[in-house]
Amino acid sequence: MLWGRLIRMAMSDSEVVGSMEAVPVPAPVTTGPATSTISVDGITGEVTVRKASGKVKVRKGQSKEEYENQLHDYFQLNGGPRKTEEKWMDEVDPLRLLQEKDLTIKLNRQSLSNFCERLYYQRRYDECLTLGEELLRRYQEVNKKNKMQREIEELEYMVKRSKGK
Amino acid sequence: MEKGSVLIPRPKPLRPHNDPLHIIKTRKATHKRPATIAGPMVRYSKLPFRQVCRQYDTDIVYTPMILAREFVRNPHARLADFSTNSSDSPLMVQVGTNNVMDLLKFVEMVAPYCDGIGINCGCPIKEQVREGIGCALIYNRELLCSMVKAVKEKYGDLVRLETKIRIHEDWDQTVKLCRDLCSAGVDWITIHGRTKNTRSSHTANFEAIRYVVDRIRDKQVPVVANGDCLQSEDVQKIAEITGADGVMAVRGVLSNPALFSGFKTCPWSCVEWFWYYTLEFGGLPYQLLQHHLYCMLENMEVPRNLIKELMDVKGTAELLDWFGDHFELKRYGEPGFATCVDIPWKNQ
Ligand SMILES: Cc1cc2nc3c(=O)[nH]c(=O)nc-3n(C[C@H](O)[C@H](O)[C@H](O)COP(=O)(O)O)c2cc1C
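Residues numbered from 1 in each chain as written. Chains lettered and ligands numbered in written order. Predicted model: local features only at pLDDT ≥ 70, side-chain atom pairs only at ≥ 80, totals over all residues. Heavy atoms only, no water.

### Quick look at the UniProt feature "domain: DUS-like FMN-binding" (unreviewed entry) in chain B
- Per the UniProt entry, the sites bearing "domain: DUS-like FMN-binding" (unreviewed entry) are residues 37–334 of chain B in this numbering.
- Spanning residues 37–334 of chain B, this segment combines 46% helix with 14% strand, and its end C-alpha atoms are found 30 Å apart. (UniProt positions renumbered as here; feature names shortened; annotations may be inferred. Helix = DSSP H or I, 4+ residues; strand = E, 2+ residues; numbered from the N terminus.)

Here you go:
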């Protein structure tokens, strides 16, 4: 089935519910699915997969400290998952983002280009043109080996069309 | 509770309007229809699509399957796999996992931001099954039940937990699995009426779902029927044949997000909502945007040559202009936005 192949291509109130430590740690379980055998270390969550071919793969567990670091990153630093309300982009100045963000990271560039696309959708062509030209200038500075060609073409398209609208 | 120095928020409170179990149990009495559910699709069930479904009488919407292992270990995976907002509710987050520890951590991390968590026990893909994830779990009854039990023992009614399974060749095995899941405390079970090896081109087996429903009735745990809900009239039909309390559509809503509102084909308004939400929330990878629009336009029977043109367009802004060249595409806030059912051809 196609969809699976795509897989990796792809409050406020504080907690009173128990923590991981409150849970009885299960004994290592050995299970027997049709094609392989997996066993799980009940403390670290390390998973050993024994394939039908005899090959063994170990999926590393996670120590308490490692998990706590993740909790810190997720809850404390980021306040949970990314939340995008309607109009959230009105509250953010993309030119400021442009100063702060590392443009060699694709995700950062993508979110900046999204501002331009939204302006284009909203028919705010003057603003789209201004932002698009600035993004183009900055993207070109970091465009090594022409890796960002598609992104640049997309911006060029919006700039060109915004001029004509 | 303090975790080191980290404050962990409580699970999101469940009230009648957002408690998926309450919704599933009461829709037949209150709305004279089964609960309507847009099921999980890897890649596709992202926030903009979920919000479109909610415009059209979809009671509960799923995220794509998220791998617990990655989510609890990797900030990049979290960013890529899950984003939400305050109107993204009732929301089920679906998880792919093969062990209790990762599952408990995952639940701890997502329960404050969703209305329930579903374990994927249906994914038939070799790469996942080999790892004991997805469909492998229906052949590992003890492991699956231990996962359900661990979550329910820790959270009780504070967190809703569902399992989405496939049927076995031997239906009695499915009955046994479901009965054990009920004893472990699962809140409801979604049954996809296909076995691990049934192709999606082969029809789903509603008799098998009925067989299970009849044999777990004493447990009073609702069942949601999944498979081949492709048209609006299928909703009642599937509920009647299977005796299920809810019906989950997946490919059907991908092509026609308004399926549960009774639209025979995708209304134009879905396209306008989808454009709006996609750009409003901060975009989707271009291929994904294009594929969604392709599915909707194909469902509306837009001529093949035009669909082919759409697939040749290379970027978001260009695609917007392509829509503008052929159709009257209304933007959010413009008079008549998202009110049109038929295709508003330009120059007609
Ligand atoms: C593109 C696509 C992605 C899917 N991703 C998931 C998934 O992430 N989790 C899951 O449990 N099932 C997944 N499925 C299976 C569906 O949820 C559903 O069980 C199946 O498509 C049958 O329902 P349908 O006939 O209404 O499409 C996916 C199916 C499709 C077509």
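Now, onward.
### Considering the interface of chain A and chain B
- Between chain A and chain B, the residue contacts involve 75 residues of the former and 83 residues of the latter.
- Overall, the association of chain A and chain B removes approximately 7,200 Å² of surface from exposure, summing both partners, and the carbon and sulfur fraction of that is 59%.
- Across the chain A-chain B interface, the total number found is six salt bridges.
- Aspartate 73 of chain A is the partner of arginine 78 of chain B in a salt bridge, and the nearest nitrogen-oxygen pair spans 3.0 Å.
- The tally of links between chain A and chain B comes to 29 residue pairs in polar contact (both at pLDDT 80 or more).
- Mapped by element, the contributors of at least two residues to the side of chain A that touches chain B are α1 (2–5), β1 (29–31), β2 (36–40), β3 (47–51), α2 (64–77), β5 (82–83), α4 (106–121) and α6 (149–164) of chain A.
- When grouped by side-chain class, the residues that make up the side of chain A that touches chain B number 32 nonpolar, 21 polar and 22 charged. (Contact = heavy atoms within 4.5 Å. Buried area = accessible area lost by both parts, 1.4 Å probe. Salt bridge = Lys/Arg side-chain N within 4 Å of Asp/Glu carboxyl O. Polar contact = N/O pair within 3.5 Å; in protein donor to acceptor, adjacent residues only side chain to side chain. Nonpolar A, V, L, I, M, F, W, Y, C, P; charged D, E, K, R; others polar.)

### Structural notes on the site of the ligand
- Every one of the 17 residues lining the ligand counts as a neighbour, but Gln94, Lys164, Asn226, Asp228 and Arg251 of chain B are closest to it.
- At the ligand, the nearby residues belong to more than one chain, namely chains A and B.
- For the ligand, an oxygen atom lies 3.0 Å from a polar atom in the backbone of proline 40 of chain B.
- One of the backbone nitrogen or oxygen atoms of methionine 65 of chain B is found 3.2 Å away from an oxygen atom of the ligand.
- Summarising the interface, the protein chains cover 95% of the accessible area of the ligand, which totals 610 Å² for the free molecule.
- Of the residues in the shell around the ligand, the class split is eight nonpolar, five polar and four charged. (Near = heavy atom within 4 Å. Areas by Shrake-Rupley, 256 points an atom, 1.4 Å probe, with all protein chains shown as cover.)

### Overview of the packing of helix α8 (residues 171–184) of chain B against helix α9 (residues 206–216) of chain B
Residue and element names in this part refer to chain B.
- The contact between α8 and α9 brings their axes to 9 Å, and the two run at 45°. In terms of axis orientation, α8 runs oblique to α9. When you trace α8 past α9, the crossing you get is right-handed. Residues Trp171, Asp172, Thr174, Val175, Cys178, Arg179 and Cys182 of α8 pack against Glu207, Ala208, Tyr211, Val212, Arg215 and Ile216 of α9.
- Looking at the contact of α8 with α9 residue by residue, the class counts come to eight nonpolar, one polar and four charged. (Axes fitted to C-alpha atoms, helices over the stretch in contact; angles between N-to-C directions. Parallel < 35°, antiparallel > 145°, perpendicular 65-115°, else oblique. Left-handed = near helix turned anticlockwise from the far one by under 90°.)

### Looking at the UniProt feature "active site" (unreviewed entry) in chain B
Residue and element names in this part refer to chain B.
- UniProt tags Cys123 as "active site" (unreviewed entry).
- Mapping cysteine 123 onto the fold places it in the loop between β7 (116–121) and α6 (126–130).
- Judged by relative accessible area, which is 0%, cysteine 123 ranks as buried. (Buried < 20%, exposed > 50% of the residue type's maximum accessible area, 1.4 Å probe, protein only.)

### Things to note about the sheet that holds β7 of chain B
All names here are of chain B.
- If you walk around this closed barrel you meet the eight strands as β3-β4-β6-β7-β8-β9-β10-β11, and the pairing is parallel. Across the sheet, the mean angle separating the axes of adjacent strands is 25° when strand polarity is ignored.
- Sheet topology places strand β10 (residues 223–226) next to strand β11 (residues 246–249); three bridges connect them, and they run parallel. Of the residues in β11, the one forming a bridge with valine 224 is glycine 246.
- Contacts from helix α5 (residues 100–110) reach β4 (60–67), β6 (91–96) and β7 within the one sheet, and its direction differs from that of β6 by about 155°.
- Sheet contacts for helix α10 (residues 234–242): β3 (35–38), β10 and β11; angle to β11, the most-contacted strand, approximately 130°. (Pairing = 2+ DSSP bridges.)

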